[in-house]
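Close look at the chain arrangement
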Amino acid sequence: MEAAKRFSQLSLAPTPFGKRTREHFSTDKDWHPLNHGSFGTFPKPVKDALCYYQDLCEKQPDSFFRYHLPELVLRARTAVAKVVNAPRETVVFVSNATTGINTVLRNLTWTPRDHVIMFSTIYGACGNTVLSIAEQHPLQVTRIQVNYPQSDQVLLDAFEAAVAEIKAKGDNPKLAIFDTIVSLPGVRVPFEALTAACHRLGVLSCIDGAHGIGMIPLDLSALDPDFFVTNAHKWLMVPRGCCVMYVPVRNQHLIRTTLPTSHGYQPLDADEAQTPAALRVGEGQSQFENNFDFVGTKDACPYLCIPEALAFREQACGGEAAVMRYCSDLADKGGAKVAEILGTEVMENAEGTLNKGLALVNVRLPLDPAQVDVSLKGGHHAVGVWIIEEQMKRFKTYAPCLWHADKWWIRLSAQVYLDESDFEYIGGVMKTLCEEVRAGRHIQASH
Ligand SMILES: Cc1ncc(COP(=O)(O)O)c(C=O)c1O
């Protein structure tokens, strides 16, 4: 593994979390980065690795694509498979979670009696994917309304009731799509219990774990979902775009094509294959693995940086468990601090499961819906849009504001480069902005 030699030797000193760790990152010094959850970011040693692999490619593109790339992808898959406790042959890369969910849903075949079950909190792009497929194929969409904060049991009961209702009509609850952690608000879904329910009820489980790897421990062998995608470019500190897609061997025959279809595709009639077998078959790899190794010409270097991201987290941060513990503690303390500054509360249910172990926290904004002018186009959502614009323009920060279940919330991300003072800062910013909204500044600004 000549090509990877330099970076397997990455050697970093342990670095205290917070301001010292921030020096490892490229973020502008005057920017307050409280939104790691949307696009992630990666430290400078991982950026060096990315440049190293890109340079390696430019030196001899043909050698790189033919020889180095398959070897380096295999190295990265082997490393990430250990993190999620899955056999290497079940784990491949796609560019992002949206592509992963599209790959699963667009490979399945549908009949008019088939239902896709999804929750109202599904990530917009994934919800759109379901709707787009439903325009082209004769399937039905069953949507379950979720209003947070609610208990996990309410969600599980609603799911079982939806499955029972579909079956009672003589229809087929073919697949359920659900998150590990919802995007907005950033709350944990009881995905383990939902996966078990899917097994019990004969429903395929397609898990959107976009927020997963690097934030919470994942054991895919124990979880045993039918399909699972998780973005390494969010919480694992890998360059964009890099998403891990897990398909257990029992389901790999269902995923016939990559998106787009490329050289690894094997038509049902093998004689029709457009790409000679010699160019399709990586030694010792299954058809599923070969298929995803090369999906059209693109920059696959982000995938190759997984071992270096893991090395950074091990050496500078003290390992996966230490990163997760720090981020989850900081989200708890930071969220409580912001709630105290705003005089509100953190979004949580009675059992305390929504935020448990997460690096994300949601805090209610001190805005009474009955007293806020929502006459702008976009209504309640427009208030959040005004707030985020002001955050960026005037305060050099950003954290998504959302209107959910008749209240406004802000979602905050903890990360190893932050400490409680960063949460105090955004708490102060939000106090000012909410005062301005109450005084109607968002309306005046639009005239
Ligand atoms: C729950 C969830 N699913 C899917 C995505 C989409 O990820 P990507 O843009 O990498 O496809 C996101 C992004 O924030 C997300 O939060």
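None of these values were measured; they are calculated from a predicted model. (Residues numbered from 1 in each chain as written. Predicted model: local features only at pLDDT ≥ 70, side-chain atom pairs only at ≥ 80, totals over all residues. Heavy atoms only, no water.)

**Overview of the overall build of the protein**
Of regular secondary structure, the protein possesses 19 helices and 10 strands. The C-alpha radius of gyration of the protein comes to 23 Å, within 12% of the 22 Å expected for a compact globule of 447 residues. Taken along the three principal axes of its C-alpha coordinates, the protein extends 70 × 60 × 45 Å. Looking at the protein as a whole, 56% of its 447 residues qualify as buried. For the protein, long-range pairs separated by at least 24 residues make up 73% of all intrachain contacts whose partners lie at least 6 apart in sequence. If you sum the accessible surface of the protein, you get close to 19,100 Å²; carbon and sulfur atoms cover 53% of it. Taken as two groups, the 43 positive and 50 negative side-chain charges of the protein have centres that lie 3 Å from each other. (Helix = DSSP H or I, 4+ residues; strand = E, 2+ residues; numbered from the N terminus. Rg over C-alpha atoms; globule rule 2.2 N^0.38 Å. Buried < 20%, exposed > 50% of the residue type's maximum accessible area, 1.4 Å probe, protein only. Contact = heavy atoms within 4.5 Å. Areas by Shrake-Rupley, 256 points an atom, 1.4 Å probe, with all protein chains shown as cover. Lys, Arg positive; Asp, Glu negative; His and termini not counted. Charge placed at Lys NZ, Arg CZ, Asp CG, Glu CD.)

**Concerning the sheet that holds strand S5 (residues 204–208)**
If you walk across this open sheet you meet the 7 strands as S1-S7-S6-S5-S4-S2-S3, and the pairing is mixed. Two strands close off the open sheet at either side, each with one partner strand: strand S1 (91–94) and strand S3 (140–144). Recorded for the sheet is a direction-independent mean angle of 20 degrees between the axes of neighbouring strands. (Pairing = 2+ DSSP bridges. Axes fitted to C-alpha atoms, helices over the stretch in contact; angles between N-to-C directions.)

**Topic: the nonpolar core**
Counting residues in hydrophobic clusters, the biggest one holds 113 residues, and the most contacted among them are Phe 159, Ile 306, Leu 365, Ile 387 and Leu 412. In terms of nonpolar packing, the next biggest core, distinct from the first, is built from 28 residues, Val 94, Ile 101, Ile 133 and Cys 206 among them. (Core = buried A, V, L, I, M, F, W, Y, C linked by side-chain atoms within 4.5 Å.)

**Some words on the site of the ligand**
Lining the immediate environment of the ligand, one finds 13 residues, of which Thr 98, Asp 208, His 211, Asn 231 and Lys 234 sit closest. A distance of 2.6 Å separates a nitrogen atom of the ligand from a polar side-chain atom of Asp 208. At 2.9 Å from an oxygen atom of the ligand is found a side-chain nitrogen or oxygen belonging to His 211. More than half of the atoms of the ligand fall within 2 Å of the grid points belonging to the second largest pocket. Within the residue set of the shell around the ligand, elements represented by two or more residues are helix H6 (97–107) and helix H11 (232–235). (Near = heavy atom within 4 Å. Polar contact = N/O pair within 3.5 Å; in protein donor to acceptor, adjacent residues only side chain to side chain. 1 Å grid on protein atoms, 1.4 Å probe; cavity = no way out; pocket = protein on both sides within 12 Å on 5 of 7 lines; lining within 4 Å. Sits in = over half its atoms within 2 Å of the grid points.)

**So, the packing of helix H17 (residues 379–395) against helix H18 (residues 420–438)**
Viewed as axis vectors pointing N to C, H17 and H18 meet at an angle of 130 degrees, and their least axial separation amounts to 11 Å. Between H17 and H18, the crossing angle belongs to the class labelled oblique. Classified by chirality, the crossing of H18 by H17 is right-handed. Contact residues: Val 383, Trp 386, Ile 387, Glu 390, Gln 391, Arg 394 and Phe 395 in H17; Tyr 425, Val 429, Met 430, Thr 432, Leu 433, Glu 436 and Val 437 in H18. Looking at side-chain class alone, the contact of H17 with H18 contains 9 nonpolar, 2 polar and 3 charged residues. (Parallel < 35°, antiparallel > 145°, perpendicular 65-115°, else oblique. Left-handed = near helix turned anticlockwise from the far one by under 90°. Nonpolar A, V, L, I, M, F, W, Y, C, P; charged D, E, K, R; others polar.)

**Some remarks on the domain arrangement of the protein**
Split by domain assignment, the protein resolves into domain 1 (71–307) and domain 2 (320–444). Listed per partner, the contact involves 23 residues of domain 1 and 25 residues of domain 2. Between domain 1 and domain 2, the buried area comes to about 2,000 Å², and carbon and sulfur atoms account for 68% of it. Remark: the boundary between domain 1 and domain 2 carries 6 residue pairs in polar contact (both at pLDDT 80 or more). In terms of residue class, the side of domain 1 that touches domain 2 is made up of 13 nonpolar, 8 polar and 2 charged. (Domains from an automatic or database assignment. Buried area = accessible area lost by both parts, 1.4 Å probe.)

**Some words on unusual backbone geometry**
Residue Pro 149 is reached from Tyr 148 by a cis peptide bond, and omega for that bond is 0 degrees. Looking at where Pro 149 falls in the secondary structure, it is placed in the loop between S3 and helix H8 (152–168). Here Leu 184 and Pro 185 are connected by a cis peptide whose omega angle stands at -5 degrees. Within the secondary structure, Pro 185 sits in the loop between strand S4 (172–179) and helix H9 (191–201). The backbone phi angle of Asn 85 is positive, close to 50 degrees, even though this residue is not glycine. Along the polypeptide, Asn 85 turns up in the loop between helix H5 (61–83) and S1. Overall, Asn 85 belongs to the partly exposed group, its relative accessible area being 39%. One non-glycine residue, Lys 396, adopts positive backbone phi at about 50 degrees.

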